[in-house]
Amino acid sequence: MSGQFIAIISAQSGKASVKKMALGKEPSTQSERGGEISTDGPRRDSGSASERQADVDRDAERVEADEAKRQSRSDSDATRDLDRADVGRSGAERQAEGDERLRVERETSDEAIDAERFRTDAATEMGRTHHQASAKSSADLLSQEQESHRKTRVNLTTREEFLAIVSHDLRNPLNHISMAAQELAEGPGEPKEVKEIAAAIKRSAGEMVRLIEDLLDIERIAAGKLVLHYDNHDVCEIIQEVVNDFKGNAAAKEITLTAKPEAGCNEVICDRSRVQQVLSNLIGNAIKFTPAKGQICVSCARTGSEGKDVQVSVSDTGPGIATEKIESIFQRFSQINSRDRRGIGLGLYIAKMMVEEHPGRIWVESKLGEGSTFHFTLPVRSR
């Protein structure tokens, strides 16, 4: 052979490794025979190297297979030892172990059941406490409501008695004062000064009577006892009557008060006394706020679809109403100027209630510095 190789195979960590070590040098490929160079040497060396490499690979595979078999045999032996140990235990030991597991599972289950029962009992007790508190609260509320109802009945009775006193004991004397003042003002032979004083007394008495009527109407409206008596009435006559009643009040302030009803208004369906009250409130307000030398005009005209309504208007040349005040002037106790105490703010509220009960509507058009015009409608045909 041209060279020698020794294959050393070592198994480390379950794997085989092959190391080749060269123990000598390959001799020259030249043959001394006959002085010629041989070409067969290299071919034989190349074939021998391939065969040797294949042998090394086969040996490595064999070593790996043997190692795997040894590992499998070791695992089988360990399993067999464990099985032998389990078989070696007595039946009593296995029964004891099973009983212990069952005991632990039962204790865990009992603890869960106890905890759930505790939560359920707590929720039930909380609900019972809440129900008892609610029942007590309801009983207290019922008792309070009954007491409030009793007090309300007492107050209503007291208020009805008060209304009766106002209606009889205050209004009747004022009517007598007004009638006496009228006799003095119209009596022949009385000095002019006496007649003027008598007229002033009559006007003041009339204003007090209207104020009392307003207070009574407020109470009737609040109690739902306001009753209107409807019939056919000539609205032009109603306007003329009220205007004539306020002629003296307007003349006292040098205000021109006129009535200008249009033809065709005539009959409407209304409560005559309530329409007179509405007109009295509107004309009284106009006189109150219109300066001397001013003008007030009361008119009416057909309006609405096919002329089914009559629109009555009261115009003045007063200071006018600010835009932000227009929406609130029909509210109870509303005042255009909080510092102006020439009224208690009930006239327009009552007028609104009366008109809407007919049914109709009431509104105002106003411009600061130019005056105001109040309008309300009444139905021509029967309700």
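Residues numbered from 1 in each chain as written. Predicted model: local features only at pLDDT ≥ 70, side-chain atom pairs only at ≥ 80, totals over all residues. Heavy atoms only, no water.

J.: Kindly report on the overall build of the protein, identifying the contributing residues and their values.
T.: A tally of helices and strands in the protein yields 8 helices and 9 strands. Within the span of the protein, comprising 383 residues, buried residues form 25% of the whole. Of the contacts made within the protein by residues no fewer than 6 positions apart, 68% connect residues no fewer than 24 positions apart. Counting only carbon and sulfur atoms, one obtains 52% of the accessible surface of the protein, whose full area is about 25,900 Å². (Helix = DSSP H or I, 4+ residues; strand = E, 2+ residues; numbered from the N terminus. Buried < 20%, exposed > 50% of the residue type's maximum accessible area, 1.4 Å probe, protein only. Contact = heavy atoms within 4.5 Å. Areas by Shrake-Rupley, 256 points an atom, 1.4 Å probe, with all protein chains shown as cover.)

J.: A description of the sheet that holds strand S7 (residues 309-316) should follow, citing residues and the corresponding values.
T.: Two pairing modes exist for strands in a sheet, parallel and antiparallel, and in both the strands are linked by backbone hydrogen bonds. Across the sheet, 5 strands lie side by side as S4-S6-S7-S9-S8; this open sheet has mixed pairing. On the outer flanks of this sheet lie strand S4 (256-261) and strand S8 (362-367), each paired with one strand and no other. Averaged over all adjacent pairs, the angle separating strand axes in this sheet is 15°, with direction ignored. Examined bridge by bridge, S8 and strand S9 (residues 371-379) share 6 bridges and lie antiparallel to one another. Within S9, the position partnered with Ser366 by the bridge is Ser372. (Pairing = 2+ DSSP bridges. Axes fitted to C-alpha atoms, helices over the stretch in contact; angles between N-to-C directions.)

J.: Help me get a handle on the packing of aromatic side chains, residues and values and all.
T.: Each aromatic ring pair is characterised by the separation of its centres together with the angle its planes make. Per the stated rule, a full pass over the model turns up 1 aromatic pair. Ring plane angle 80° and centroid distance 6.2 Å describe the contact between Phe330 and Phe374, whose orientation is recorded as edge-to-face. Here the residue Phe330 occupies a position in the loop between helix H7 (323-326) and helix H8 (347-357), and Phe374 occupies one in strand S9, the gap between them amounting to 44 residues. Taking NZ or CZ as reference, Arg361 lies 3.8 Å from the ring centre of Trp363, over its face. (Phe/Tyr/Trp six-rings, centres within 6.5 Å; stacked < 30°, edge-to-face > 60°. Lys NZ or Arg CZ within 6 Å of the ring centre and 35° of its normal.)

J.: Can you tell me about the nonpolar core, naming the residues and giving the values?
T.: One finds Val235, Leu279, Ile283, Val298, Val312 and Phe376 to be the most contacted residues of the largest nonpolar core, which totals 46 residues. When sequence neighbours within four positions are dropped, the list of residues in contact with Val298 reads Ile239, Val243, Leu257, Thr258, Ala259, Lys260, Pro261, Leu279, Ile283, Val312, Ser313 and Val314. (Core = buried A, V, L, I, M, F, W, Y, C linked by side-chain atoms within 4.5 Å.)

J.: Residue-level account of the environment of Gly360, with values.
T.: The residue Gly360 is located in the loop between H8 and S8 in this model. When the C-alpha atoms of Gly360 and Leu378 are compared, they prove to be 5.4 Å apart, with 18 residues separating the residues in sequence. Look past the residues within four positions of Gly360 in its chain and what remains in contact with it is Val355 and Thr377.

J.: Outline a nonpolar patch on the surface, listing residues and values.
T.: A cluster of nonpolar residues, Ile177, Ile197 and Ile201, forms a patch on the protein surface that exposes about 260 Å² of accessible area. Within the secondary structure, Ile201 sits in helix H3 (residues 192-223). (Patch = residues over 30% accessible without salt bridge, like charges linked within 9 Å, V, L, I, M, F, W, Y side chains within 5 Å. Salt bridge = Lys/Arg side-chain N within 4 Å of Asp/Glu carboxyl O.)

J.: An account of the pattern of salt bridges is requested, with residue identities and associated values reported.
T.: One pass over the structure, following the stated rule, counts 8 salt bridges. Between Glu67 and Arg70 there is a salt bridge, with its nearest N and O atoms 2.5 Å apart. Placement of both Glu67 and Arg70 in helix H1 (residues 40-88) is noted, with a separation of 3 residues, approximately one turn of the helix. The exposure class assigned to Arg70 is partly exposed, which follows from its relative accessible area of 43%. When the shortest N-O distance is used, the salt bridge between Glu125 and Arg128 registers 2.5 Å. Separated by 3 residues within a single helix, Glu125 and Arg128 lie in helix H2 (residues 91-186), roughly one turn from each other. When its relative accessible area of 41% is taken as the criterion, Glu125 is described as partly exposed.

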